[in-house]
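Inside the fold
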Amino acid sequence: MATVRPFRAYRPPQAHAARVASPPYDVISTAEARVLAAGGLHSFLHVSRPEIDLPEGTDEHDDAVHARGAENLAGLIARGDLAQDPEPHLYLYAQKMGEHRQIGVVGCASVAEYERDIIKKHEKTRPDKEDDRTRHIEALGAHDEPVFLTYRADPGIDRAVALAMQSPPIYDFTTVDGVEHRLWVLGREATAELEARFQAIPTLYVADGHHRSAAAARVHRKLRGDGGEHDVFLAVVFPHDQMNILPYNRVVRDLAGRSAEALLGALGERLDVAPAPSGAAAAPSGPRSFGLYLGGRWYTARVRPGTFDAADPVASLDCSICQDQILGPIFGVSDPRRDRHIDFVGGIRGIAELEQRVDSGAFTMAIHLYPTQIGELFAVSNAGLLMPPKSTWFEPKLRSGLFIHTF
């Protein structure tokens, strides 16, 4: 049984939604957040990235940052940029990016189900990030950014969602990145039907938001017994057949200072490497292949059969093969979570970002991966296993500030 509980959201009035909504905290830097929020007190970045209101150079993990976030959330409410619905609802959140469209149910997921693995995970969290999100949530007394969950699509839920979308949305706007956002507030009947239908769904899966969900569980354990509604956390739940997963690419620095020719020789001992057509980028056309950028040009690299365990749902992932056959043995990256000589680049940033990172001299080589598939995510999660860090990049990202759950 999966819980998707209605709640009384704090959300912007219709006229304020577009100016309050902001990118999630973990896909932009502090510097980018300062630019996006410049001159606007209404942006939710003042809550999710509150260091932008403190002197430059302030550590984003400092206690003063979390305190400022709570102060800014109270300010948004006091100014009328956020108001609480008088009764609990489920909500629908639809996004359209190019030809891709996804429609999720907004509600609260259960901490108990997260801890009992009814809500399954596929990534190991980093202690420092989990600590930071725990302090952020506790300081706010709210879950301000939703966890992105998925489930195996259900025809009954699909029909209920389609019926609810026949009424006009309460929000309908397009952000500067071209993504369309719509939100519906569901009435009592539609809310009750969807809540009941989710109780027949056996499993939910964390797609994006492992640190937020882990932090929510920690906050609940700490505050258990005080009567607050922290036994749940804010989530948007999407059917699996609407998931859009982009590659999560890698850039790596060669500490040995080897030439491009020497690195190609080392790569060629493990993979079938060939130059890409002149002037062409080498985005992999299928699994078990990589695009490599070094020395100012692109190469294709194919994995040799028998060099990985095809029966192992983790070892057979392209990101695992990348670690096992490239990053570890050739570049000495033994712990990609902590090694500062590797960085991860979301697929939404495109080929140009990979080339720039290498051409600037900051990194030696870029690795373009084939996207992890939703079936692979399910297989790993169902086996109780974990993917390597930064295995999936979901797009479009959920905008923050459109609905907040307080406890």
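Here is what the cut-offs are and how they apply
Residues numbered from 1 in each chain as written. Predicted model: local features only at pLDDT ≥ 70, side-chain atom pairs only at ≥ 80, totals over all residues. Heavy atoms only, no water. Salt bridge = Lys/Arg side-chain N within 4 Å of Asp/Glu carboxyl O. Helix = DSSP H or I, 4+ residues; strand = E, 2+ residues; numbered from the N terminus. Buried < 20%, exposed > 50% of the residue type's maximum accessible area, 1.4 Å probe, protein only. Pairing = 2+ DSSP bridges. Axes fitted to C-alpha atoms, helices over the stretch in contact; angles between N-to-C directions. Core = buried A, V, L, I, M, F, W, Y, C linked by side-chain atoms within 4.5 Å. Contact = heavy atoms within 4.5 Å. Expected span 1.5 Å × (residues − 1). Bend = angle between axes of the 7 residues up to and from the residue. 1 Å grid on protein atoms, 1.4 Å probe; cavity = no way out; pocket = protein on both sides within 12 Å on 5 of 7 lines; lining within 4 Å. Points joined across faces, edges and corners; volume = space filled by probe spheres on them. Nonpolar A, V, L, I, M, F, W, Y, C, P; charged D, E, K, R; others polar. Parallel < 35°, antiparallel > 145°, perpendicular 65-115°, else oblique. Left-handed = near helix turned anticlockwise from the far one by under 90°.

Description of the pattern of salt bridges
If the charged atoms of two oppositely charged side chains come close together, the side chains can form a pair. Evaluated as defined, the whole model comprises 29 salt bridges. Note that R218 and E130 form a salt bridge whose closest N and O atoms lie 3.4 Å from each other. Of this pair, R218 sits in helix α9 (residues 210–223) while E130 is found in helix α6 (residues 127–140), placing the two residues 88 residues apart along the sequence. What makes E130 buried here is its relative accessible area of 14%. The closest approach of N and O atoms between R357 and E353, which form a salt bridge, is 3.0 Å. Placement of the pair is R357 and E353 together in helix α12 (residues 350–359), with a separation of 4 residues, close to one helical turn. For the pair R357 and E353, a shared accessibility class is recorded, and that class is buried. In this structure, a network of salt bridges that share partners links the residues R5, E229 and D231.

Considerations on the sheet that holds strand β18 (residues 365–368)
The strand order across the open sheet built from 6 strands is β14-β16-β15-β18-β13-β17, with neighbouring strands paired in antiparallel fashion. Edge positions in the open sheet fall to β14 (271–275) and β17 (342–346), since each of these has one partner strand only. The average undirected angle you get between the axes of adjacent strands in this sheet is 25°. When strand β13 (residues 248–252) meets β18, the two strands line up antiparallel, connected through 3 bridges. Across the sheet, V252 pairs through a bridge with M365, a residue of β18.

Observations regarding the nonpolar core
Core analysis: the biggest nonpolar cluster contains 65 residues, and F290, L292, I326, M365, I367 and F403 have the highest contact counts within it. No other element matches helix α11 (residues 318–331), which puts 7 residues into this core. Ignoring anything within four residues of it in the chain, the contact list for L292 reads L267, R297, W298, Y299, A301, I326, M365, A366 and I367.

Considerations on α11
Owing to its 3.6 residues per turn, the α-helix brings residues three or four apart onto one side. Given a rise of 1.5 Å per residue, 14 residues ought to cover 20 Å, yet the end C-alpha atoms of α11 are separated by just 17 Å, more than 12% below that figure. Maximum bend of α11: about 30°, positioned at D324. Counted residue by residue, α11 has 11 buried out of 14 residues, so it is predominantly covered. Among the residues of α11, D318, C319, S320, I321, C322, Q323, Q325, I326, L327, I330 and F331 are the ones counted as buried. Two residues or fewer after α11 comes G332, characterised by a positive phi angle close to 70°.

Describing the layout of surface pockets
Using a probe with the size of a water molecule, rolled over the atoms, empty space left in the structure can be pinpointed. Here the largest pocket defines a volume of roughly 1,400 Å³. Taken together, 49 residues form the lining of the largest pocket, with D26, R126, K129, Y248 and K390 sitting closest to its centre. Of all the secondary-structure elements, those providing two or more residues to the lining of the largest pocket are α2 (30–37), α4 (63–78), α6, β10 (204–208), α9, β17, α12 and β19 (393–394). By volume, the second largest pocket amounts to about 710 Å³. Lining the second largest pocket are 31 residues, with P23, L36, V176, D177 and R399 positioned closest to its centre. Sorting the residues of the lining of the second largest pocket by element identifies α1 (17–20), α2 and β8 (171–174) as the ones contributing at least two each. In terms of residues, the lining of the second largest pocket owes the most to one element, α2, which gives 3 residues. A per-class count over the lining of the second largest pocket returns 17 nonpolar, 7 polar and 7 charged.

Focus: the sheet that holds β10
Whenever strands of a sheet pair, they do so through backbone hydrogen bonds, lying parallel or antiparallel. Strand order across the open sheet formed by 8 strands is β5-β10-β7-β11-β4-β3-β9-β8, with mixed pairing between neighbours. Two strands lie at the open edges of the sheet, namely β5 (119–120) and β8, each paired on one side alone. The sheet contact formed by β8 and strand β9 (residues 180–185) spans 4 bridges and is antiparallel. When the sheet's bridge partners are listed, T174 is paired in β9 with E180. Across the sheet, helix α13 (residues 374–382) touches β5, β7 (147–151) and β10, and the angle it forms with β10 is around 120°.

What about the environment of D241?
With respect to the secondary-structure elements, D241 resides in the loop between β11 (232–239) and β12 (245–246). Residues D241 and Y151 lie 90 residues apart in sequence; the distance between their C-alpha atoms is 9.0 Å.

A closer look at the packing of helix α10 (residues 260–268) against α11
It is at 10 Å that the axes of α10 and α11 come closest, and there the two elements cross at 125°. By the angle between their directions, the pair α10 and α11 is classed as oblique. Crossing geometry of α10 relative to α11 is assigned as right-handed. Where α10 approaches α11, its residues L263, A266 and L267 are matched on the opposing element by I326, I330 and F331. When grouped by side-chain class, the residues that make up the contact of α10 with α11 number 6 nonpolar, no polar and no charged.

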